[in-house]
Structure formats: C-alpha cells, structure tokens
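Here is what each chain is made of, one letter per residue.
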Amino acid sequence: MNQNTTKKPHINFLITGGAGFIGSNFIKYLLKKYQNYRVINIDKLTYCGNLKNLEDFIKNPLYKFINGDICNKSFVEKIAIEEQIDVVVNFAAESAVDRSIQYGEKHIQTNINGVRVLLEVFNEKKVKKFIQISTDEVYGETESDNPADENFILNPSSTYSVSKAAADLLCKAYHRTYDMPIMIVRPVNNFGPYQFPEKIISRFVTNILQDKPVSLYGDGQHLRNWIFVEDTCNAIDTVLSKGTTGEIYNISTNNSITNLNLTKKIINILGQSETLIKYVEDRPGHDKQYYIDSGKIRELGWYPIRDFEESLKYTVHWYKNNVNWWKPLLSKVKLNSC
Ligand SMILES: NC(=O)c1ccc[n+]([C@@H]2O[C@H](COP(=O)([O-])OP(=O)(O)OC[C@H]3O[C@@H](n4cnc5c(N)ncnc54)[C@H](O)[C@@H]3O)[C@@H](O)[C@H]2O)c1
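Residues numbered from 1 in each chain as written. Predicted model: local features only at pLDDT ≥ 70, side-chain atom pairs only at ≥ 80, totals over all residues.

(A) The arrangement of the overall build of the protein chain in detail. A count of helical and extended segments in the protein chain gives eleven helices and twelve strands. For 338 residues, the compact-globule formula gives about 20 Å, and the C-alpha radius of gyration of the protein chain, at 20 Å, lands near that figure. Along the first, second and third principal axes, the C-alpha set of the protein chain runs to 70 × 45 × 40 Å. A total of 338 residues make up the protein chain; the buried ones form 46% of that total. For the protein chain, restricting intrachain contacts to residue pairs at least 6 apart in sequence, the fraction spanning at least 24 positions comes to 84%. (Helix = DSSP H or I, 4+ residues; strand = E, 2+ residues; numbered from the N terminus. Rg over C-alpha atoms; globule rule 2.2 N^0.38 Å. Buried ≥ 20, exposed ≤ 12 C-beta atoms within 10 Å, placed from the backbone. Contact = placed C-beta atoms within 7 Å.)

Here it is, written out as structure tokens:
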C-alpha cells in the first residue's frame, strides 16, 4: 500500500507578523502541536519584527519565512497563489500605543489598509478561515460593573486602538457582504518571552537588569488585565477549531493589576529596590482600566491555564537569561515610559 495515501494532507497557514511577539509564539505553538500544518510567515520586519524569535524553526520543512508587507497587494496575491493558503491569521500590526500618539500614519496604513488588502485577496481566493487579531482596547475605558462583551460599543482612545477597531469593522463588513469566513479575537495585554522591550513588562525588566530606573505613567493606578502568551495561542487555536464564522471572541483572565503593583512585583522578583520607580507625566488619553467579558470563548471550552505569579516569574527570568536576545534591540527602543 502506498504510504502517502494514508497521510493527512497539509493545511497551509499564512501567519502575518509572525516575527513579532505573539505571532512568533503562535507559530511555535502550531508547529509543536500539529504535524500536518505548514506555516508561511510573512513579516515586514519593522523595529519589533525579529527573526531570532524563530531561529529554532528555520530548518523545519513545514516552516517558511517570506519578508514582505501586507499592504502590498501584488505581493500578498503572489503568496496566496504560490503557497495555496487555506487559513490566514493576521497578527501583523503597528502595535505600540505611544508610537501611535506621536505619529499614527504607519498604524493607519498597516492596521487598516493592510487588513483591507488581506481581505480583498483572501476573499477572492476563497480562504477557508481568516482570523483577525484585534485587541480589548477597541472598547476604550470600561467599568468593573459593566464589562465589555463582544457587542459592546467600540470607543477607542488612541490612533492605535482606532485603527484596530476600523479593521474589525472592515472584517465584519467582509463577512456580511461576501460571507467571508472571518473570526475576530480581542485579547487583553499579553506577556511572555520574545516581547520587544518597549512594552511595560519587557521594558521594565530589561531596565532593571541594567540598573536603570523605570518610568511609570501618572500615578501608576492604571489597571490592566494580563494573559500569558501561551494561553492566548491556545485561545486562538480554540477559535480556529470551534469558533463560528462571523463571530468575535474576547480573550481575558482574572489577572487584573495596577501598573504600580505590577512594577513592584517585577522589582521584587529581581530583588531590587522600589526607589527605581520614577513617576512621569501621564500618557495623553490614557485609558484608566479595561474590563472585558470572555464568557463566550469559555463556552467553547477555553480557559487560561497559566498562573499569573508563576508566569510572571518565568518571564522575568527568561529576560534575565536571554540578554543576548534583547540587548541588540535596545537601540530601536524609542520610549522611556509605560
Ligand atoms: N501584545 C499585546 O499585548 C496585544 C494585546 C492585544 C492585541 N494585540 C494584537 O496582536 C497582534 C500582535 O501583537 P504583538 O504584540 O505580537 O506585536 P509586535 O509589534 O510584537 O509584532 C508585530 C509584527 O508585525 C510586523 N509588521 C508590522 N507591519 C507590517 C506590515 N505592514 N506587513 C507585514 N508585517 C508587518 C512586525 O514586523 C512585527 O513582527 C497585533 O495585531 C496587536 O494589535 C497585541
């Protein structure tokens, strides 16, 4: 009997922005868990795209990296045809809120126009599933007694979150107009290995490891909900296998903490002094807190499994043990506060 006839055919995944933080963790997750997934990673390698995140997979025949821009339609069309893409997961984005406050053009271009290009191409190519990675920030500030479910009004506060909300609306329109098999996920703040050292946890850990102060916005009382990146990967995988097309899924945990208390925990793990904390003028338009309801994805059987305290310790030690990963990136870091 011909062995090949019993083999499961490969499913061709296009992961965009796979050289970034969550995208690279998701590619690792897929390639470790599934033997019949082939992953094509397209990434423009902006300041936060880093091929070192996927060094271990370069020789894997089921993985291929292609440098390119999701805003370039002929490039995306070529990939769609040559790689016979079945499933798209779009992580590619300008992801920094502070950069969007200073200069939002790239956010509008990649986060909206790039998504339009992906939708146009993959709607025409009749992709089987398209997952858009959105964010809890599209809801804007929310209250604990009225957490945002997926039907909550969108009220974004920054150019970043506006661009993500606009992309969500485009995705919804493509589902409604063309019946394109789209699902949107809206995760809260992620942390873990391979996060560009400009976001609060990676930034503060790497600062403290260099004996530098950490600059905290305002009074440090801004409240954020945190999820370990592997739990997000698992949630996206759950949506891929069990989600309903046209639906949106919030992804959140019970781990809400103020930026000040988070900073104190990091300082504590590293055995340093709280005198390293420096309060600086607040970010303009800074959302005080986000509360989102993830009951809908929990009905699919997903729940976060990683303990917050343990994952935070693991993450802090990862940066401590991987100085060679983050040191070369410091020249690209623009911002000093979180
Ligand atoms: N990190 C979080 O806490 C968080 C929370 C909620 C949602 N999200 C969303 O998840 C996604 C991934 O976030 P992340 O933190 O991994 O971001 P990241 O900044 O680490 O990675 C983004 C990647 O996209 C690539 N990219 C940027 N513009 C591109 C373009 N035009 N064409 C192709 N590639 C391009 C970058 O080079 C980079 O590798 C984003 O869409 C973000 O909005 C992130």
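Next comes the rest of the write-up.
(B) Geometry of the site of the ligand. Surveying the vicinity of the ligand reveals 31 residues, the closest of which are Gly-17, Gly-20, Phe-21, Gly-49 and Ala-93. Secondary-structure elements contributing two or more residues to the shell around the ligand are helix 1 (21-33), strand 2 (37-43), helix 4 (105-124) and strand 7 (189-191). No other element matches helix 1, which puts three residues into the shell around the ligand. Residues of the shell around the ligand, tallied by class, amount to 14 nonpolar, twelve polar and five charged. (Near = placed C-beta within 6 Å. Nonpolar A, V, L, I, M, F, W, Y, C, P; charged D, E, K, R; others polar.)

(C) Representation of unusual backbone geometry in the model. A positive phi angle is found at Leu-45, which is not glycine, with a value near 55°. You can see Leu-45 is positioned in the loop between strand 2 and strand 3 (63-67). Classification of Leu-45 as partly exposed rests on a count of 14 C-beta atoms within 10 Å. In the Ramachandran plot, Tyr-194 falls in the positive-phi region, its phi being about 70° despite a non-glycine side chain. Following the sequence through the fold, Tyr-194 ends up in the loop between strand 7 and helix 6 (200-209).

(D) A look at the nonpolar core. Residues Phe-26, Val-89 and Val-185 are the most contacted members of the largest nonpolar core, which totals 80 residues. Every residue in contact with Val-185, bar those within four places of it in the chain, is listed here: Ile-131, Ile-133, Ser-134, Ala-235, Ile-236, Val-239, Tyr-249 and Ile-251. (Core = buried A, V, L, I, M, F, W, Y, C linked by C-beta atoms within 7 Å.)

(E) Molecular detail of the sheet that holds strand 5 (residues 129-133). In spatial order, the strands read 3-2-1-4-5-6-10; together these seven strands make up an open sheet with parallel pairing. Two strands close off the open sheet at either side, each with one partner strand: strand 3 and strand 10 (248-251). With strand direction ignored, the average angle separating the axes of adjacent strands in the sheet is 20°. Note: strand 1 (residues 11-16) against strand 4 (residues 87-90), four bridges, orientation parallel. The residue of strand 4 that forms the bridge with Ile-15 is Val-89. Seen against the sheet, helix 1 touches strand 1, strand 2, strand 3 and strand 4 and runs at an angle of roughly 165° to strand 2. Here helix 5 (residues 159-178) sits on the sheet in contact with strand 5 and strand 6 (182-187), set at roughly 155° to strand 6. (Pairing = 2+ DSSP bridges. Axes fitted to C-alpha atoms, helices over the stretch in contact; angles between N-to-C directions.)

(F) The pairing of strand 2, seen in detail. Burial of strand 2 is extensive: six of the seven residues sit out of reach of the surface. The sheet contact formed by strand 1 and strand 2 spans six bridges and is parallel. The residue of strand 2 that forms the bridge with Leu-14 is Ile-40. With helix 1 bridging strand 1 and the parallel strand 2, this β-α-β connection has right-handed handedness. (Right-handed = clockwise from strand over helix to strand, strands pointing away.)

(G) Summary view of the packing of helix 6 against helix 8 (residues 259-269). It is at 10 Å that the axes of helix 6 and helix 8 come closest, and there the two elements cross at 40°. Taken together, the axes of helix 6 and helix 8 lie oblique to each other. The crossing of helix 6 and helix 8 is right-handed. Packed against helix 6, whose contacting residues are Ile-200, Ile-201, Phe-204, Val-205 and Ile-208, the element helix 8 presents Asn-259, Leu-262, Thr-263, Ile-266 and Ile-267 at the interface. (Parallel < 35°, antiparallel > 145°, perpendicular 65-115°, else oblique. Left-handed = near helix turned anticlockwise from the far one by under 90°.)

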